[in-house]
Amino acid sequence: MVTRAVMDKALLEATAAALVASGKGILAADESNGTMTKRLEGAGIESSEEARRAYRANLFATPGCESAVSGVILYDETIRQNMDDGTSIPDYLNSRGMLPGIKVDTGTIDFDGCPGEKVTKGIEAEPENGWADLGTRCAEYFEMGARFAKWRAVIQIEGREKPSNACMSANAEALARYAAICQENGLVPIIEPEVLMEGSHNYLECFVATMTMFQKTFEECKVQGVHLAGTLLKPNMIIGGNGYRGAEQTRDDVAASTVICLTHFVPHDVGGIVFLSGGQSDEEATDHLNRMNSMSGVYSEHPWELSYSYGRALQAAALKAWAEEGAEASQAAFAHRAKMNSLARSGDWDISLE
Ligand code: 13P
């Protein structure tokens, strides 16, 4: 296995640029086996290695989806699986012009001293779970064809105590260390400091937590020597919690406060922005992105492509159709959502197209 001694900045920048190419975004299909089992069972399908493979292989084989999908984030199980005809999934995606990516965090653990908070792990080896250390895994995934990676930190807002400064700092440090290790191995790190929508907080509280995570994470990236032009940021949008019962935030408010937060607190040399959907409905996630890409004046004076790396908002309809109607209907549902989000990349989506 080759470990790169010197970071290949040109490769990283080219990969990041390809992932945010015009009209395209990322499909997040990297649910861990636990999460994918919940999703399949929620749709009435028994989960197994083969059930997960069959659903995902069908999704990836959707005719024409490469015009809206620049890359696909896979889970460790999936990157080792094959399409129906025996082609390896990363080789298949590459042959269709969709870059294979890989989730490399190994989940969260309780953050000692701060009840209810979590820190993401995956840098050290976990022999008890069959995981090698992050550098070793990155080198192997690169050999298998992966060109980018994802690590998700989870930040919860609750009352005045959460998120704690300590928990945010620990997650920011891990994100930066992860990013540096990925880059040494030729993988573009997607940096995902997700402030969860679960909770009764308002959108200003979301703004403050998101902004604080940006500041801490990019400070740590500097310490770790991360090459920002060879990274992508995967942020949440600035949005009130799903249990918030106060005055409604309009969709234009979501779009404006998200762009303001990014413009002020994200370094301008980051390679691109790829939003998560975080539990928004399919149509909301598309509409919010469309509004951000339709803004003019000061709101459009930022240097990044604003794109998507949606999981649920790209897959929910496809999974339901897979369970209820079968392969072709699932592909049609996915193709439709992919097309809608592709249009939102340039502000060309409209509700009438739904
Ligand atoms: P959602 O779009 O469903 O939030 O998933 C994106 C993702 O990859 C979360 O880590």
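Here the structure is a predicted model, which means the values were calculated and not measured.

Criteria and thresholds
- All chains use their own residue numbering, which begins from 1 and follows the written sequence.
- Given that this is a predicted model, residues contribute local features only at a pLDDT of at least 70 and side-chain atom pairs are listed and counted only at 80 or more, while totals for whole chains, interfaces and linings are drawn from all residues.
- Excluding hydrogens and water, the side-chain values take into account all heavy atoms of the structure.
- Here a helix means four or more residues in a row that DSSP labels H or I, a strand means two or more in a row labelled E, and each is numbered from the N terminus.
- When checking whether two residues touch, look at their non-hydrogen atoms; a contact exists if any pair is within 4.5 Å.
- Under the convention used here, a 1.4 Å probe and the Shrake-Rupley method define accessible areas, while residue burial counts only the protein chains that appear.
- Being near a molecule or strand, for a residue, means having at least one of its heavy atoms within 4 Å of it.
- In protein, a polar contact requires one atom able to donate a hydrogen and another able to accept it; more generally it is a pair of N or O atoms within 3.5 Å, and residues adjacent in sequence count only if both atoms are side-chain atoms.
- Multiplying one less than the number of residues by 1.5 Å gives the expected span of a helix.
- Burial classes follow relative accessibility: with a 1.4 Å probe on protein chains only, a residue under 20% of its type's maximum area counts as buried, one over 50% as exposed, and anything between as partly exposed.
- The working definition used for a salt bridge is a side-chain nitrogen of Lys or Arg within 4 Å of a carboxyl oxygen of Asp or Glu.
- Note on pairing: DSSP must find at least two bridges between two strands before they are called paired.
- Only the stretch in contact is used when a helix axis is fitted, and all axes are lines through C-alpha atoms; the angle between N-to-C directions ranges over 0 to 180 degrees.
- For classification, angles of less than 35 degrees are called roughly parallel, those exceeding 145 degrees roughly antiparallel, those between 65 and 115 degrees roughly perpendicular, and all remaining angles oblique.
- Crossing handedness follows the turn of the near helix against the far one: under a right angle anticlockwise gives a left-handed crossing, and clockwise gives a right-handed one.
- When residues are sorted by character, Ala, Val, Leu, Ile, Met, Phe, Trp, Tyr, Cys and Pro go into the nonpolar class, Asp, Glu, Lys and Arg into the charged class, and all the rest, Gly among them, into the polar class.
- The criterion for an aromatic pair is that two Phe, Tyr or Trp rings (for Trp, the six-membered ring) have centres within 6.5 Å, with stacked assigned to planes under 30 degrees apart, edge-to-face to planes over 60 apart and tilted to the rest.
- Charge-over-ring contacts are defined here by two conditions on Lys NZ or Arg CZ: a distance within 6 Å of the ring centre and an angle within 35 degrees of the ring normal.

(A) Layout of the overall build of the chain. A tally of regular secondary structure across the chain gives twelve helices and ten strands. For the chain, the C-alpha atoms occupy an extent of roughly 50 × 50 × 40 Å along the three principal directions. For the chain, restricting intrachain contacts to residue pairs at least 6 apart in sequence, the fraction spanning at least 24 positions comes to 79%. Split by element, the accessible area of the chain, about 14,300 Å² in all, is 50% carbon and sulfur.

(B) Here's a closer look at the site of the ligand. Not every one of the 13 residues close to the ligand is listed here, only the nearest: Lys-150, Lys-234, Ser-277, Gly-278 and Arg-312. Contact distances for the ligand include 2.6 Å between an oxygen atom and a side-chain N or O atom of Lys-234. Here Arg-312 contributes a side-chain N or O atom positioned 2.7 Å from an oxygen atom of the ligand. Alone, the ligand offers 300 Å² of accessible surface; in the complex the protein occludes 92% of this. Put simply, the parts of the chain that give the shell around the ligand at least two residues each are β6 (148–155) and β10 (306–310).

(C) Spotlight on helix α12 (residues 327–344). Helix length check: α12, at 18 residues, gives a terminal C-alpha distance of 26 Å against a target of 26 Å (1.5 Å per residue), a fit within 8%. Taken together, the buried positions of α12 are Ser-330, Gln-331, Ala-333, Phe-334, Arg-337, Ala-338, Met-340, Asn-341, Ser-342, Leu-343 and Ala-344. Residues of α12 that are buried in the fold lie against β1 (25–28), α3 (49–60), β2 (69–74), α10 (282–292), β10 and α11 (312–324).

(D) Up close: helix α6 (residues 134–143). Within α6, seven of the ten residues are buried, which leaves the element mostly enclosed by the surrounding structure. Within the sequence span of α6, burial applies to Leu-134, Gly-135, Arg-137, Cys-138, Ala-139, Tyr-141 and Phe-142. Contacts made by the buried residues of α6 are with α1 (9–19), α4 (76–79), β3 (99–103), β6 and α7 (165–184). Looking at where α6 begins, the residue whose side-chain oxygen comes 3.2 Å from the main-chain nitrogen of Gly-135 is Asp-133. Downstream of α6 by one or two residues, Gly-145 has phi in the positive range, about 115 degrees.

(E) Region of the structure containing unusual backbone geometry. Cis geometry marks the peptide bond from Lys-162 to Pro-163, where omega comes out at 5 degrees. Position of Pro-163 relative to the elements: it lies in the loop between β6 and α7.

(F) Looking closely at the pattern of salt bridges. As enumerated under the stated definition, the model contains 22 salt bridges in all. Ionic pairing is found between Asp-30 and Lys-150, a salt bridge with its closest N-O pair at 2.7 Å. In this pair, Asp-30 sits in the loop between β1 and α2 (33–42) while Lys-150 sits in strand β6, placing the two residues 120 residues apart along the sequence. A relative accessible area of 5% means that Asp-30 is categorised as buried. Here Arg-80 and Asp-76 are joined by a salt bridge, their closest N and O atoms 3.0 Å apart. Here Asp-76 falls in the buried class, since its relative accessible area comes to 15%. Within this structure, Arg-251, Asp-252, Glu-283, Asp-287 and Arg-291 form a network of salt bridges that share partners.

(G) Up close: the pairing of β1. In this structure, β1 lies alongside β2, joined through four bridges in parallel fashion. Among the inter-strand pairings, Ala-28 is bridged to a residue of β2, identified as Ile-73. Bridge count between β1 and β10: two bridges; the pairing is parallel. Within the sheet, the bridge partner assigned to Ile-26 lies in β10 and is Ser-309.

(H) The arrangement of the packing of α11 against α12 in detail. As a packed pair, α11 and α12 sit with axes 7 Å apart at the nearest point and diverge in direction by 165 degrees. Comparing their axes, α12 and α11 come out roughly antiparallel. For the pair α11 and α12, the crossing hand works out as right-handed. Contacts between α11 and α12 involve Ala-313, Leu-314, Ala-317, Ala-318, Ala-321 and Trp-322 from the former and Ala-327, Ala-329, Ser-330, Ala-333, Phe-334, Arg-337, Ala-338 and Asn-341 from the latter. For the contact of α11 with α12, the residue count by class is eleven nonpolar, two polar and one charged.

(I) Representation of the packing of aromatic side chains. Applying the stated criterion to the full structure yields five aromatic pairs. The interplanar angle of 35 degrees and the centroid separation of 5.8 Å between the aromatic rings of Tyr-308 and Tyr-310 together place this pair among those described as tilted. For the pair shown, Tyr-308 and Tyr-310 are each scored as buried. In this structure, Arg-147 is placed above the aromatic ring of Phe-142, and the distance from its NZ or CZ to the ring centre is 3.8 Å.

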